[in-house]
Amino acid sequence: MVKPTRVTNRIRALRAAHDDMTQAELARRVGVTRQTLIAIEQGRYSPTLELAFQISRVFGVPLDDVFSYPEE
Amino acid sequence: MVYEERNTWSTVVVTIIAMAVYVVLVLQQAGGGPLTDVDWAPLMLWTIGASIVGSIVISIVWGILAGMRDPDGVGRSDQRDRDIAHMGGRVGQAFMVIAGLGAIVLCAVDADAFWVANTVFFGFALSALVGGIARVVAYRRGLA
C-alpha cells in the first residue's frame, strides 16, 4: 500500500560521527518529534526540503551528503 | 506513539463502537418491524454527541498517561503529522462524496427521511473510520 521512498540517507552514520548524537537530540534541534526523526532515518517518511536542509545544517554538511537519490 | 497518532486511534475506536451501538439500538427499537418506523433522530444525535465527547475524553486520559511516561511529546505535532492528516482526509473524503450523492439520489426517489439521514450518517462515520485507519497505517508503515 505504501510506496517506499527512493531517497536514502546517512543520518544514522552522521549522528554516530557527531559524538553519538541521539535521535531525541537531533529531533529537538530540527523541531520534530523523535518518532518523525526515526521515520525519516528508516526511510519511512520523506522530509520536506526545508527539514532536509535543517538536518544537513545540524551536521554542517551539504544536503547531498545526508540525502541521496539513485541515478536510475 | 505521538500525540496525533493517539488521537487517531481514539477516533477509530470510538467510531467503531458508536456505529455498532447505533445499529444495535436502531434494530432493537425496530423490533423486527420496518426500520422507517424507528425514531432515529434522537438515537443518531446522541450517538454523534457521545462519539465526540468519547473521543475527547479518551484523548485527554491517554494524553495524561502518555505524558507521565514521556513529558516531551505531550501535545506536539509536526510536518509528518500534518502530511498524514492530509492523506487520511483525502482517503476519507471519498466516502463523504459517495454519501452526499447517495442522499441526493434518495431524495430524488422520495425515499423515507430515515434512509437519507442514515446514508449521510454512515458516510460521515465511514469517512472518519477509513480515513483514521489510513492514518494509523501511515504512522505504522510509513508515508514516503
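All values reported here derive from a predicted model rather than from experimental measurement.

Caption draft 1: Seen up close, the overall build of chain A. Counting secondary structure elements, chain A contains five helices and two strands. Across chain A, helices and strands are ordered from the amino to the carboxyl terminus as β-α-α-α-α-α-β. Here the C-alpha atoms of chain A give a radius of gyration of 12 Å, agreeing with the 11 Å that 2.2 N^0.38 yields for 72 residues. Along the first, second and third principal axes, the C-alpha set of chain A runs to 35 × 25 × 20 Å. A total of 72 residues make up chain A; the buried ones form 29% of that total. Of all intrachain contacts in chain A linking residues separated by at least 6 positions in sequence, the fraction that spans at least 24 positions is 52%.

Caption draft 2: Quick peek at the environment of Ile104 of chain B. Tracing the backbone through its elements, the reader meets Ile104 of chain B in helix H3 (residues 79-108). For the pair formed by Ile104 of chain B and Ile48 of chain B, sequence separation is 56 residues and the distance between their alpha carbons is 22 Å.

Caption draft 3: Region of interest: the packing of helix H1 (residues 3-30) of chain B against helix H4 (residues 113-141) of chain B. Residues and elements named next belong to chain B. Direction vectors running N to C along H1 and H4 enclose 145 degrees, while the axes themselves pass 9 Å from each other. The handedness of the crossing between H1 and H4 comes out as left-handed. Here Glu5, Thr8, Trp9, Thr11, Val12, Thr15, Ile16 and Met19 of H1 lie close against H4, whose contacting residues are Ala125, Ala128, Leu129, Gly132, Ile133, Arg135, Val136 and Tyr139. Among the residues making up the contact of H1 with H4, the classes are represented as ten nonpolar, four polar and two charged.

Caption draft 4: Structural detail: helix H2 (residues 40-69) of chain B. All names here are of chain B. In this model H2 runs 43 Å from its N-terminal to its C-terminal C-alpha over 30 residues, within 8% of the 44 Å that 1.5 Å per residue would give. Among all positions of H2, only Trp40, Thr47 and Ser51 are buried. Contact partners of the buried residues in H2: H1 and H4.

Caption draft 5: Inspection of the nonpolar core at higher detail. Of all hydrophobic cores here, the largest spans 18 residues; its most connected members are Ala27, Val30, Val32, Leu37, Ile40 and Ile55 of chain A together with Ala138 of chain B. Elements with a minimum of two residues in this core: helix H2 (23-30), helix H3 (34-41) and helix H4 (49-59) of chain A together with H4 of chain B. What Val32 of chain A contacts, discounting residues up to four positions off in sequence, is Ala27, Leu37 and Leu51 of chain A together with Asp78, Gln79 and Arg80 of chain B.

Caption draft 6: Summary view of H1 of chain B. All names here are of chain B. Between its first and last C-alpha atoms H1 spans 40 Å; for 28 residues at 1.5 Å apiece the expected length is 40 Å, and the two agree. Listed as buried for H1 are Tyr3, Glu4, Asn7, Thr8, Ser10, Thr11, Val14, Thr15, Ala18 and Tyr22. One or two positions beyond H1, positive phi appears at Gly31, with a value near 55 degrees.

Reading the values: the criteria
Residues numbered from 1 in each chain as written. Chains lettered and ligands numbered in written order. Predicted model: local features only at pLDDT ≥ 70, side-chain atom pairs only at ≥ 80, totals over all residues. Helix = DSSP H or I, 4+ residues; strand = E, 2+ residues; numbered from the N terminus. Rg over C-alpha atoms; globule rule 2.2 N^0.38 Å. Buried ≥ 20, exposed ≤ 12 C-beta atoms within 10 Å, placed from the backbone. Contact = placed C-beta atoms within 7 Å. Axes fitted to C-alpha atoms, helices over the stretch in contact; angles between N-to-C directions. Left-handed = near helix turned anticlockwise from the far one by under 90°. Nonpolar A, V, L, I, M, F, W, Y, C, P; charged D, E, K, R; others polar. Expected span 1.5 Å × (residues − 1). Core = buried A, V, L, I, M, F, W, Y, C linked by C-beta atoms within 7 Å.

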